[in-house]
Amino acid sequence: MTETQMDPRTIATNVRSIFSLPDVVIRINDLIDSGDASNYELEQVISSDPALTAKLLKFANSTYFGFSGKVETILKAISIIGHKELRNLVLASSVTSTFKGISSDLVDMDTFWNHSITCGVTARLLSSSVGSRERFFIAGLLHGVGRLILFSQYPEESAKVLSCINQGEDVVIQAERKIFGFTHAQLGAELLKQWKLPPNIWKMVEHQLDPTKDAEYEYDASTLCAAINIANYIQPCTNQKINHEETIPDRALKTWSYLGLSVEIIESVMTVAKLQVTEVFNAIR
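Just so you know, these numbers come straight off a predicted model, no measurement behind them.

Calculation rules
- Residues numbered from 1 in each chain as written.
- Predicted model: local features only at pLDDT ≥ 70, side-chain atom pairs only at ≥ 80, totals over all residues.
- Heavy atoms only, no water.
- Helix = DSSP H or I, 4+ residues; strand = E, 2+ residues; numbered from the N terminus.
- Rg over C-alpha atoms; globule rule 2.2 N^0.38 Å.
- Buried < 20%, exposed > 50% of the residue type's maximum accessible area, 1.4 Å probe, protein only.
- Contact = heavy atoms within 4.5 Å.
- Polar contact = N/O pair within 3.5 Å; in protein donor to acceptor, adjacent residues only side chain to side chain.
- Phe/Tyr/Trp six-rings, centres within 6.5 Å; stacked < 30°, edge-to-face > 60°.
- Salt bridge = Lys/Arg side-chain N within 4 Å of Asp/Glu carboxyl O.
- Axes fitted to C-alpha atoms, helices over the stretch in contact; angles between N-to-C directions.
- Parallel < 35°, antiparallel > 145°, perpendicular 65-115°, else oblique.
- Left-handed = near helix turned anticlockwise from the far one by under 90°.
- Nonpolar A, V, L, I, M, F, W, Y, C, P; charged D, E, K, R; others polar.
- Expected span 1.5 Å × (residues − 1).

### As for the overall build of the chain
Part 1 of the reasoning: Along the backbone of the chain there are 16 helices and zero strands.
Part 2 of the reasoning: Expected size for 285 residues packed as a compact globule is a radius of gyration near 19 Å; at 18 Å, the chain falls within 12% of this value.
Part 3 of the reasoning: For the chain, with 285 residues in total, the buried portion stands at 53%.
Part 4 of the reasoning: In the chain, 71% of the contacts between residues at least 6 apart in sequence involve partners at least 24 apart.

Below is the structure:
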């Protein structure tokens, strides 16, 4: 590999055509970004994709939202969910099929997405006091896509990185920096930036390993960091063996303290998350 290949922006640009969002997602994103999209216009775009329609209705009727009464039409789902949450559901329903052909020697994709959804659901629960919670779900869902790019483009180097996994997440991150010159968090954030997701999502992903790096996004990145580490206790994200007796990373302890999370709160969040994860996973797979 040359040095240029090892730059996150270059890699993200090179793989953007391989790992691209479906047209329907881009159209919905553009409509919502315009600020004057009608529910009817959004329904028309979604209805052109029967598989997406079915997934969204299944999602809207899951306990994740806890609506009373059955949601039977896309129009009703949009009016209840709102445009921002809709954007996230469309993205979540599409992103799992975006990453294909990654070696099962490196990762079991069902396990990976289960973990990613767990992170998203957990981050959303932790951010309950924030007005725009939907972005925390997306950041959690997409926090690990940088790893998928590395697995896909650099399988041999990724295998070397994963060989350290029994020594704990911090050792894995050090191995990424040594072998690639950057982390999966930086690469993932670059792809999300090129997908034109807003900074309040990709910045969260970028700073997940160092939440204090940018004061403006410290709360957001701390919430994501905490969610990832809580999710690790619910569902590890690779098919390598993980030593559950490893110490909790310092950054996780710091974020738990910063967010005021007691053991009781964390256990309560885990209980709710487990129930919601099953619903979301079944809806988008």
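Still more to cover.
### Quick word on the side chain of Gln194
Part 1 of the reasoning: Mapped onto the elements of the fold, Gln194 is located in helix α12 (residues 184-194).
Part 2 of the reasoning: Of the polar contacts made by the side chain of Gln194, one reaches the backbone oxygen of Arg9; its length is 3.3 Å.
Part 3 of the reasoning: Within polar-contact distance, the side chain of Gln194 engages the side chain of Arg16 at 3.0 Å.
Part 4 of the reasoning: Discounting chain neighbours no more than four positions away, the residues touching Gln194 are Arg9, Ala12, Thr13 and Arg16.

### As for the packing of aromatic side chains
Part 1 of the reasoning: All told, the structure shown has seven aromatic pairs when counted by the stated rule.
Part 2 of the reasoning: Centroid distance Phe19 to Phe99: 4.6 Å. Interplanar angle 35 degrees. Geometry classified as tilted. Taken together, the positions of Phe19 in the loop between α1 (8-15) and α2 (23-34) and Phe99 in the loop between α6 (83-95) and α7 (109-126) put the pair 80 residues apart, joining distant regions of the chain. With respect to class, Phe19 is no different from Phe99; both count as buried.
Part 3 of the reasoning: Residues Phe99 and Trp195 carry aromatic rings whose centres are separated by 6.4 Å and whose planes lie at 50 degrees to one another, so their mutual orientation is tilted. Here Trp195 lies in the loop between α12 and α13 (199-206) and Phe99 lies in the loop between α6 and α7, a separation of 96 residues in the sequence. Summarising the burial analysis for this pair, Phe99 and Trp195 share the class buried.

### Focus: the side chain of His143
Part 1 of the reasoning: Examined against the element boundaries, His143 turns out to sit in the loop between α8 (134-142) and α9 (145-153).
Part 2 of the reasoning: Among the polar contacts listed, one links the side chain of His143 to the backbone oxygen of Gly140, at a separation of 2.7 Å.
Part 3 of the reasoning: Discounting residues that sit within four places of it in the chain, His143 has contacts with His115, Ser116, Cys119, His184, Val205, Gln208, Leu224 and Ile228.

### Quick notes on the pattern of salt bridges
Part 1 of the reasoning: Summed over all chains, the structure comprises six salt bridges.
Part 2 of the reasoning: With its nearest N and O atoms 4.0 Å apart, the salt bridge here joins Arg9 to Glu190. Taken together, the positions of Arg9 in helix α1 and Glu190 in helix α12 put the pair 181 residues apart, joining distant regions of the chain.
Part 3 of the reasoning: Here the salt bridges do not stand alone but share partners, grouping Arg147, Glu169 and Glu176 into one network.

### Observations regarding the packing of helix α4 (residues 50-60) against helix α5 (residues 74-81)
Part 1 of the reasoning: Direction vectors running N to C along α4 and α5 enclose 50 degrees, while the axes themselves pass 10 Å from each other. Taken together, α4 and α5 sit at an angle that is classed as oblique. When the axes of α4 and α5 are compared, the crossing they make is left-handed. Contact residues: Thr53, Leu56, Leu57 and Ala60 in α4; Ile74, Ala77 and Ile81 in α5.
Part 2 of the reasoning: Of the residues belonging to the contact of α4 with α5, the class tally is six nonpolar, one polar and no charged.

### Brief notes about helix α16 (residues 263-284)
Part 1 of the reasoning: Taking 1.5 Å per residue, 22 residues should reach 32 Å; α16 reaches 31 Å between its end C-alpha atoms and fits that length.
Part 2 of the reasoning: Along α16, the positions that sit buried rather than exposed are Ile266, Val269, Met270, Ala273, Gln276, Val277, Val280, Phe281, Ala283 and Ile284.
Part 3 of the reasoning: Buried-residue contacts for α16 involve α4, α6, α7, α8, α14 (218-234) and α15 (250-258).

### Some remarks on α6
Part 1 of the reasoning: The terminal C-alpha atoms of α6, which comprises 13 residues, lie 18 Å apart, in line with the 18 Å expected from a rise of 1.5 Å per residue.
Part 2 of the reasoning: Of all 13 residues in α6, 11 are buried; the element is thus mostly enclosed.
Part 3 of the reasoning: What α6 keeps buried is the set Glu85, Leu86, Arg87, Asn88, Leu89, Val90, Leu91, Ala92, Ser93, Ser94 and Val95.

### Considering unusual backbone geometry
Part 1 of the reasoning: Positioned with a positive phi, Lys196 is a non-glycine residue whose angle comes to about 70 degrees.
Part 2 of the reasoning: Its location among the elements puts Lys196 in the loop between α12 and α13.
Part 3 of the reasoning: Classification of Lys196 as exposed rests on a relative accessible area of 65%.

### Brief notes about the environment of Ile117
Part 1 of the reasoning: Counting through the fold element by element, Ile117 comes out in helix α7.
Part 2 of the reasoning: When its relative accessible area of 0% is taken as the criterion, Ile117 is described as buried.
Part 3 of the reasoning: Placed 62 residues apart in sequence, Ile117 and Ile179 show a C-alpha to C-alpha distance of 28 Å.

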